[in-house]
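Here's the letter readout for the chains.
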Amino acid sequence: MGFARACSVALIGVEGVVVEVQADLEPGVAAFTLVGLPDKSLIESRDRVRAAVVNSGAEWPQKKLTVGLSPASVPKSGSGFDLAVACAVLGAAERIDPAAIADVVMIGELGLDGRVRPVRGVLPAVLAAAEAGYEQVVVPEQTAGEAALVPGVSVLGVRSLRQLIAVLCDEPVPEEPVDGQGRPDAMLAGLMIPGTGLGTGLAPATGRGDGHRLDLADVAGQPRPRQALEVAAAGGHHLLFSGPPGAGKTMLAERLSSVLPPLTRRESLEVTAVHSVAGILPPGEPLVSRAPYCAPHHSATMQSLVGGGNGMPRPGAVSLAHRGVLFLDEAPEFSGKALDALRQPLESGHVVVARSAGVVRLPARFLMVLAANPCPCGRHSLTGAGCECPPSVVRRYQARLSGPLLDRVDLRVEVEPVDRADLLGQGGRGESTAVVAARVRDARARAAERLAGTPWTTNSEVSGHELRTRLLVAPGALAAAERDLERGILTARGLDRVLRVAWTVADLRGADRPDASDVAVALELRTGIQRGVPMGVGER
């Protein structure tokens, strides 16, 4: 009787569980049994592994073979177990020393010819292996850069099972031919899910795809929305743009991710792990360093926004926008069920999706930007524009954005139509993205210094109790906000959000704490009621 074991990783959402792949050979009729809650793609690995082993020059054992995936209570899916199954079988057949693979984590799909194909989710799988104490990982060559992002783990990238057998047996490593015909690398097909490219809005927005970067200076006019955009980026505050079509709401939202500061190392690993599982991580770019930008269409379902799908839930748009921007254009056209599903992740920074196959916790700390027209035709707020929508239709259209959802939006700004002078450039160009981004970085650095030693890094994350007990504003600064609370203009949650915005405004102008004018700016940006404060947040 022969026995050997190797290790692999089962992904549940964006978290991994180390799985021990055990192979047992016994005398009897040749058969291959795979146990341990495998799904359809994993059951098919029996045929893939057998063909790959034979075509790699090794002999397939003609005995009763049982492969167990432990723990058996964890559902397992995907083709990433192929490499570990093949090595466990070869170890049981004594083609490989079982001791050489006992503590090695192996991730990869096998082709029938023995080539090792890349799979999605390599980064979270290696992170799970490192947390479990494993120090050696074998992955496909194409994803070795992604796996190497995890510190303290020795990564071996292989191109074929033949090469891995040679490495484990201390034999000369054979050279594998590379397709030099100039065609796209078919081996990378396993990393991308069809239909999740830039065209769907589920990928980082770095430009138009031709090397042109989106610049905030391209936006004509709109001083108040530009100010709100800067405040939103500096403090991580949610934002609503409302106004007629063609005023520039989408242009402003598309440029927000460029204003946000680059991701920290920890944030980059979080975002990369989600994108790797979702299949939108660009090949050759193992680490996402800039804030992602997701803009799903208004026909998106609730499952596509918060996560779901058949079997184990997959990340939705709120998770793909983690540490970045989630832009909902034509927000009233989204279904009410989908919009209200955003209320929990807006508060908690994560989403818990429960399905019959299991419960998954997905990260979802994003900056939400909503864009809405004032009525179905979009001309309700324009003087003499000929809006023919009845008042009942206008009220019903605006009520599609529920009160509890809007209460979680810190900044609500009217975007006015662009006049001729601004459109033709007679009023001069506005500030560029680089200038605004520099102020945002300085403001975030002040907030991070103030919040050092706490679980928060931006003003939008600070709890209301902390704002009212430790982070105190100047004496008398809250008088106007308290009056709005008594009149019912603000809720208790709204008052906390005004305080957070006021701290961000103070950070942008370099003040130690907010004064009455900072609170007035925050109130004006939330309620839309003019308070007689200067237009620029940094000008006093």
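Placed above this text is the structure.
The text that follows walks through the structure, step by step, so that each part is easy to find. Everything numeric here is computed off the predicted structure, so don't read it as measured data. (Residues numbered from 1 in each chain as written. Predicted model: local features only at pLDDT ≥ 70, side-chain atom pairs only at ≥ 80, totals over all residues. Heavy atoms only, no water.)

### Some details on a nonpolar patch on the surface
Move 1: Taken together, the side chains of Leu156, Val167 and Val173 make up a nonpolar region of the molecular surface, amounting to roughly 200 Å² of accessible area.
Move 2: Note on placement: Val167 falls in helix H7 (residues 161-168). (Patch = residues over 30% accessible without salt bridge, like charges linked within 9 Å, V, L, I, M, F, W, Y side chains within 5 Å. Areas by Shrake-Rupley, 256 points an atom, 1.4 Å probe, with all protein chains shown as cover. Salt bridge = Lys/Arg side-chain N within 4 Å of Asp/Glu carboxyl O. Helix = DSSP H or I, 4+ residues; strand = E, 2+ residues; numbered from the N terminus.)

### A look at helix H2 (residues 45-55)
Move 1: Listed as buried for H2 are Ser45, Arg48, Val49, Ala52 and Val53. Viewed end-on, H2 has its buried residues packed into an arc of 125 degrees, placing them on one side of the element.
Move 2: Its buried side turned inward, H2 meets strand S3 (31-35), helix H1 (40-43), helix H3 (82-92), strand S6 (109-110) and H7.
Move 3: Phi turns positive, to about 90 degrees, at Gly57, one or two residues after H2. (Buried < 20%, exposed > 50% of the residue type's maximum accessible area, 1.4 Å probe, protein only. Arc of directions from axis to C-beta. Contact = heavy atoms within 4.5 Å.)

### Here's the deal with the sheet that holds strand S15 (residues 367-372)
Move 1: With parallel pairing, 5 strands are arranged side by side in an open sheet as S11-S12-S15-S10-S16. Only two strands of the sheet have a single partner each, and these edge strands are strand S11 (293-294) and strand S16 (411-414).
Move 2: As paired elements, strand S10 (residues 239-242) and S15 share 4 bridges and run parallel to each other. The residue bridging Phe241 from the neighbouring strand is Ala371, located in S15.
Move 3: Sheet contacts for helix H8 (residues 223-235): S10, S15 and S16; angle to S16, the most-contacted strand, approximately 165 degrees. (Pairing = 2+ DSSP bridges. Axes fitted to C-alpha atoms, helices over the stretch in contact; angles between N-to-C directions.)

### Comments concerning the packing of aromatic side chains
Move 1: Going through the model one piece at a time under the given rule, you end up with 2 aromatic pairs.
Move 2: Both rings, one in Phe32 and one in Trp60, keep their centres 5.6 Å apart while their planes meet at 40 degrees; by these two values the pair is tilted. Of this pair, Phe32 sits in strand S3 while Trp60 is found in the loop between H2 and strand S4 (64-70), placing the two residues 28 residues apart along the sequence. (Phe/Tyr/Trp six-rings, centres within 6.5 Å; stacked < 30°, edge-to-face > 60°.)

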